[in-house]
Amino acid sequence: MATAEFTKDLCTPALIVDLDIVNRNAQAMLDRFQKFGVQLRPHMKTHKTLDCADIMTGGSRRCIVVSTLAEASLYADNGYDDILYAYPLPFDKVERCAELSERLSLFHVLLDNRLALRELKKRPLKQGKVWRVWMKLDCDNGRVGVPHYDPASLQLAQEISETAGVELTGIYAHCGNTYGCKGEEQIKAVAQNTTTFTLQFMEKLKAAGMHSPKSSIGSTPSCSHPVPDMAMLSEVHPGNYVFYDVQQSLIGSCRLEDVAVRVLTRVIGHYPHRNQLLVDCGWTALSHDGGGRLPTGYCIIEGHPDLKLLSMTQEHGRVESISGKLDFSQFPLGSLLSLMPYHACATAMMHPVYFVHSKGKIIGTWKPTRGW
Ligand SMILES: Cc1ncc(COP(=O)(O)O)c(C=O)c1O
């Protein structure tokens, strides 16, 4: 398949975003959880732009998750509110969190240990405000959080809710372990476990006499194939789904037709002696995420199932044929290839601007925030 005509004047490498697919992915998630009666709190980490946040929130500009304070500030500065900074509270950033909490009507932080709680106590909020705290529960994901079966989880929740100037606003479990799944059945099994452990924990809080905080779980795989019990949660927090990617299609979250982003690259060298092409996409344009484990290497080269992105250095990519000799006449110097990324979050991070297209035309650009 030839790359689309509208891309031919873009300087490469360039990240292009199909707005119609973004709208479709975002609307499907909004509709899915509206039917469940569960609040969707979309994560912004994949794109980090205002434009895409407006689409994911259905224009409400409320109720989002961020992974950096750079994102939080971007959204706070542009009329967003009810922002959850879902990252284990970094002590060097308590002051910035305090300022955001004082400025917004709802800014939430997340923690999984008593030392972090102590840091919050040291910095009481002004204007009679309280710290809105989500406790991270580890429901077998194995990254952040107090293990759901550990009595320390209940003790920490109790301590948070008894601390003056602090409110236990919610329990947050991220089922990143869905990334090890293959197919809907396995995804649903992990989603069910995470939901069950979280709901059991909510019961324990109730039995211990604590008021009912919110509960939130999520990842793109689990929220693409939710289980009925997720209707008993207060919120879900997926993010990647707005773009999806090759990894999500392999997990079983989406179809390849649902992937909204591509990296455009140009052929910049022919090397018949080693049967390779060179392209102007190195890891600074695609990222090394995925480790080249696909049969087609680091990405899918759209329309060319026989090509493999074999390796990348900073600004160069080596492309070879999976079987047989390359027909170099098919790939003249200067011609374009369209790469479907393995992991859209990592790839988008590499670009200072995204080119947005709809119905065969570039219609604008989105500018992400960067840094922490
Ligand atoms: C804490 C947290 N919440 C939510 C998400 C969103 O999950 P996904 O990227 O699968 O949509 C992530 C993603 O890494 C995360 O780290």
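Remember, predicted model here, so these are calculated numbers, not experimental data. (Residues numbered from 1 in each chain as written. Predicted model: local features only at pLDDT ≥ 70, side-chain atom pairs only at ≥ 80, totals over all residues. Heavy atoms only, no water.)

**Some thoughts on the side chain of S335**
Here is step 1 of the chain: In this structure, S335 sits in the loop between β15 (317-321) and β16 (336-341).
Here is step 2 of the chain: Not counting residues within four places of it along the chain, the set of residues in contact with S335 comprises T265, R266 and V267. (Helix = DSSP H or I, 4+ residues; strand = E, 2+ residues; numbered from the N terminus. Contact = heavy atoms within 4.5 Å.)

**Thoughts on the environment of G364**
Here is step 1 of the chain: The topology assignment puts G364 in strand β18 (residues 361-366).
Here is step 2 of the chain: Spatially, the C-alpha atoms of G364 and P151 are 52 Å apart, while their sequence positions differ by 213 residues.
Here is step 3 of the chain: In this structure G364 touches Y354, F355 and V356, once residues within four positions along its chain are discounted.

**Focus on the side chain of T68**
Here is step 1 of the chain: The residue T68 is located in the loop between β3 (62-66) and α3 (69-76) in this model.
Here is step 2 of the chain: Discounting chain neighbours no more than four positions away, the residues touching T68 are K48, Y85, G371 and W372.

**Focus on the site of the ligand**
Here is step 1 of the chain: Around the ligand there are 14 residues in total, and R143, Y172, Y179, T220 and G239 lie nearest to it.
Here is step 2 of the chain: Within the side chain of R143, a nitrogen or oxygen atom sits 2.7 Å from an oxygen atom of the ligand.
Here is step 3 of the chain: One of the backbone N or O atoms of G239 is found 2.6 Å from an oxygen atom in the ligand.
Here is step 4 of the chain: Compared with its free state, where it exposes 390 Å², the ligand has 93% of that area covered by protein.
Here is step 5 of the chain: Residue composition of the shell around the ligand, by class: four nonpolar, seven polar and three charged. (Near = heavy atom within 4 Å. Polar contact = N/O pair within 3.5 Å; in protein donor to acceptor, adjacent residues only side chain to side chain. Areas by Shrake-Rupley, 256 points an atom, 1.4 Å probe, with all protein chains shown as cover. Nonpolar A, V, L, I, M, F, W, Y, C, P; charged D, E, K, R; others polar.)

**Overview of the nonpolar core**
Here is step 1 of the chain: Judged by nonpolar contacts, the single largest core of 104 residues is most densely connected at I83, F107, W131, F243 and L309.
Here is step 2 of the chain: Looking at this core element by element, the count peaks at eight residues for helix α7 (residues 184-207).
Here is step 3 of the chain: Built from parts of two domains, this core gets at least three residues from each of domain 1 (5-15 + 255-366) and domain 2 (43-238).
Here is step 4 of the chain: The next biggest cluster of nonpolar side chains, apart from the first, holds six residues, and it includes V65, L84, A86 and L110. (Core = buried A, V, L, I, M, F, W, Y, C linked by side-chain atoms within 4.5 Å. Buried < 20%, exposed > 50% of the residue type's maximum accessible area, 1.4 Å probe, protein only. Domains from an automatic or database assignment.)

**Quick look at the UniProt feature "domain: D-serine dehydratase-like" (unreviewed entry) in the protein**
Here is step 1 of the chain: UniProt tags residues 260-358 as "domain: D-serine dehydratase-like" (unreviewed entry).
Here is step 2 of the chain: As a span, residues 260-358 carries 10% helix and 40% strand, and end to end its C-alpha atoms are 11 Å apart. (UniProt positions renumbered as here; feature names shortened; annotations may be inferred.)

**Some points on the packing of aromatic side chains**
Here is step 1 of the chain: On inspection of all chains with the given rule, the structure shows five aromatic pairs.
Here is step 2 of the chain: Where Y85 meets Y87, the ring centres are 6.3 Å apart and the plane angle is 20°; that geometry is what we call stacked.
Here is step 3 of the chain: Considering the side-chain rings of F243 and Y354, the 6.4 Å spacing of their centres and the 70° angle between planes classify their relative orientation as edge-to-face. In this pair, F243 sits in the loop between β10 (235-236) and α9 (246-251) while Y354 sits in strand β17 (residues 354-358), placing the two residues 111 residues apart along the sequence.
Here is step 4 of the chain: Given the relative accessible area of 0%, Y354 is considered buried.
Here is step 5 of the chain: Seen from the ring of Y271, R274 lies directly overhead, with NZ or CZ sitting 4.3 Å from the centre. (Phe/Tyr/Trp six-rings, centres within 6.5 Å; stacked < 30°, edge-to-face > 60°. Lys NZ or Arg CZ within 6 Å of the ring centre and 35° of its normal.)

**Looking at the state of the cysteines**
Here is step 1 of the chain: Here the structure, examined in full by the defined rule, presents zero disulfides.
Here is step 2 of the chain: Considering cysteine sulfurs only, C223 is the nearest to C63, which forms no disulfide, with 13 Å between them.
Here is step 3 of the chain: For C63, a relative accessible area of 7% corresponds to the buried category.
Here is step 4 of the chain: C97 forms no disulfide, and the closest cysteine sulfur to it belongs to C63, at a distance of 18 Å. (Disulfide = S-S within 2.5 Å.)

**Quick notes on helix α5 (residues 114-122)**
Here is step 1 of the chain: Of the residues making up α5, those classed as buried are A116, L117, E119 and L120. On an axial view of α5, the arc spanned by its buried residues comes to 155°, and they lie on one face. Facing away from the buried side of α5, by more than 90 degrees, are the exposed residues R114 and K122.
Here is step 2 of the chain: Looking at the buried side of α5, the elements it contacts are α4 (94-103), β5 (107-111), β6 (131-138), α6 (151-162) and β8 (166-174).
Here is step 3 of the chain: Backbone nitrogen of L115 and a side-chain oxygen of the N-cap are separated by 3.1 Å at the start of α5; the cap is N113. (Arc of directions from axis to C-beta.)

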